[in-house]
Amino acid sequence: MVLGQALPLSSSSRWIVDTKGERVKLRCVNWAAHMETNIPEGLHRQSMDYLVSWIQRQGFNCVRLTYSIDHALNPSILVSDSFNKAAADAKVSLPAMQALYAQVVAKNPWIAKATTRDVFGALIDKLFAVGVLTILDNHTSKATWCCNIDDGNGWWDEAFGYNSFNSRYFNTKNWLAGLQAMAAWSQSHKGVVGMSLRNEIRQFLLQGLNNMDDWYKYIKQAGDLVHATHPDVLVIVGGVASSTDLTHLRRRMLDTSGWAGKNVWEMHAYSFTLTFPDPFKSCDAVKVGYGFWSGFVLEQNKPWTGPMILSEFGVGMTGGDRNGLNEQDDRYLSCLAGYMQNNDAEWAVWVLGGSYYIREGQVDREEGWGLLKYDWSDWRNPSFPGMLGNMWKVTQWPGKN
């Protein structure tokens, strides 16, 4: 099936389906584009065409492409100017950033006259041309590395006071305007099949203080706005505690009627995620945690029933004695893969790239969690795709499971 012939996608019970009612399982890789340069990472190492081809050849059918509200509200900045601005914003060497920009253009000459939004559009269209879909994920407000508890991108400004340590960049009006702008723009790029409303809402203490009223209020506003602007896209909703906790849905269901037939839940899980501790090294206990905190949304015939994408998971790829992983990551990945195989849910692994233009004040920083090597040429750990096992396969279908 050529996915482009069966779009748009919809949600039906716990499944994502095409226009024929056939299941479409999303098997995605995260491609970071939310940091200071506001373009997809890695284009200084390889051409966009090479990277798109690599993704398709590995069996991925989807990219979760991250972006900042800074980008969403300033789409016309030239890439050259964006690299110069990034040097000032991140307080790094301007000549070093200009050298990186020169490498980007050497690998991708057309970028010399491109805006940052042109680069997004070209990537989405090239992915779609080879059958790979795109989910746009609003990762941050300020274009920067995510996610630290004090990075200012964590939750709504009204929720905990303006200019607080974790909301100083999360301007609610700008966030909604940015979502609307990306939804409107993406109508002209058929490969965009979903929009994630916000990455890792870090709402912990507030949960008990306001009974989650702000989450219900603003997520509904955002979902309604995205759907009204672009009715074809899936509306992807994460919980609190860094997209690990959806338990409040058991007490009070989110009003998703404004985007009926388009709702998808999301969950994140890493070996270090506090929501899913493993003090006794018991996979069975960890699996119970996955189901209790988020995975329960896959239960059928419940008010909250819907598809769920594990939109971030991953491991360090820099070595170890267990298939190239350390002991903790090997145990975590084996357990998580078993949970996902049993539930046959959608997923997006973090992260594609072997380096960043800038990360936390360091230019051309290597990414040890990247699927690709530092030069973005091929698998950093060739054993990794096999460790996902049947996560690659479709084993359950509507009406049969």
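Please refer to the structure placed before this passage.
Residues numbered from 1 in each chain as written. Predicted model: local features only at pLDDT ≥ 70, side-chain atom pairs only at ≥ 80, totals over all residues. Heavy atoms only, no water.

Draft legend 1. Structural context of unusual backbone geometry. Looking along the chain, the bond that leaves Leu7 and enters Pro8 is cis, with omega of 5°. By the element assignment, Pro8 lies in the segment before β1 (10-12). The peptide bond linking Trp350 to Val351 adopts the cis configuration, its omega dihedral lying at 10°. Inspection of the secondary structure assignment puts Val351 in the loop between β10 (346-349) and β11 (355-359). Even without glycine at this site, Trp376 takes up a positive phi of about 60°. By the element assignment, Trp376 lies in the loop between β12 (362-366) and α14 (384-387). You can call Trp376 buried: its relative accessible area is 0%. (Helix = DSSP H or I, 4+ residues; strand = E, 2+ residues; numbered from the N terminus. Buried < 20%, exposed > 50% of the residue type's maximum accessible area, 1.4 Å probe, protein only.)

Draft legend 2. Up close: the layout of surface pockets. Considering only enclosed or pocket space, the largest pocket measures out at about 530 Å³ in volume. As for the largest pocket, its lining consists of 25 residues, and the residues nearest its centre are Cys147, Glu200, Ser242, Tyr270 and Phe272. Within the lining of the largest pocket, the residues separate by chemical class into 12 nonpolar, 8 polar and 5 charged. (1 Å grid on protein atoms, 1.4 Å probe; cavity = no way out; pocket = protein on both sides within 12 Å on 5 of 7 lines; lining within 4 Å. Points joined across faces, edges and corners; volume = space filled by probe spheres on them. Nonpolar A, V, L, I, M, F, W, Y, C, P; charged D, E, K, R; others polar.)

Draft legend 3. Representation of the sheet that holds strand β8 (residues 263-268) in the model. In spatial order, the strands read β3-β4-β5-β6-β7-β8-β9-β10; together these 8 strands close into a barrel with parallel pairing. Here the average twist between neighbouring strands, direction ignored, is 25°. In the packing of helix α9 (residues 213-229) onto the sheet, the strands contacted are β6 (192-196), β7 (234-238) and β8, and the crossing angle to β7 comes to about 165°. (Pairing = 2+ DSSP bridges. Axes fitted to C-alpha atoms, helices over the stretch in contact; angles between N-to-C directions. Contact = heavy atoms within 4.5 Å.)

Draft legend 4. Region of the structure containing the environment of Trp347. Looking at the secondary structure, you find Trp347 in strand β10. In sequence terms Trp347 and Thr172 are 175 residues apart; their C-alpha atoms lie 28 Å from each other. When sequence neighbours within four positions are dropped, the list of residues in contact with Trp347 reads Lys25, Leu26, Arg27, Cys28, Phe60, Ile309, Leu310, Phe313, Met340, Leu388, Met391 and Trp392. Side-chain polar atoms of Trp347 contact the backbone oxygen of Met391, separated by 2.9 Å. (Polar contact = N/O pair within 3.5 Å; in protein donor to acceptor, adjacent residues only side chain to side chain.)

Draft legend 5. Here's a closer look at helix α5 (residues 116-129). In this model, α5 (14 residues) spans 20 Å end to end at C-alpha, consistent with the 20 Å of a helix rising 1.5 Å per residue. Taken together, the buried positions of α5 are Thr116, Arg117, Val119, Phe120, Gly121, Ala122, Leu123, Ile124 and Leu127. Directly after α5, the chain includes Gly131, whose backbone phi takes a positive value near 85°. (Expected span 1.5 Å × (residues − 1).)

Draft legend 6. Region of the structure containing the state of the cysteines. Evaluated as defined, the whole model comprises 3 disulfides. Paired by a disulfide, Cys146 and Cys147 hold their sulfur atoms 1.6 Å apart. Because the torsion about its S-S bond is 65°, the bridge between Cys146 and Cys147 counts as right-handed. When its relative accessible area of 23% is taken as the criterion, Cys147 is described as partly exposed. Sulfur-sulfur distance for the disulfide between Cys283 and Cys335 comes to 2.3 Å. (Disulfide = S-S within 2.5 Å.)

Draft legend 7. Broad picture of the side chain of Ser243. Along the polypeptide, Ser243 turns up in helix α10 (residues 240-243). Ignoring any residue separated from it by four or fewer positions in sequence, one finds Ser243 in contact with Asn199, Glu200, Ile201, Gly238, Glu266, Met267 and His268.

Draft legend 8. Looking closely at the pattern of salt bridges. Per the counting criterion, the structure on display carries 20 salt bridges. With its nearest N and O atoms 2.5 Å apart, the salt bridge here joins Arg202 to Asp151. Taken as a pair, Arg202 in the loop between β6 and α8 (205-210) and Asp151 in the loop between β5 (133-140) and α6 (157-160) lie far apart in primary sequence, 51 residues in all. A relative accessible area of 3% places Arg202 in the buried class. Ionic pairing is found between Asp213 and Arg252, a salt bridge with its closest N-O pair at 2.8 Å. Here Arg252 lies in the loop between α11 (248-251) and β8 and Asp213 lies in helix α9, a separation of 39 residues in the sequence. Look at Asp213 and you get partly exposed, because its relative accessible area is 40%. (Salt bridge = Lys/Arg side-chain N within 4 Å of Asp/Glu carboxyl O.)

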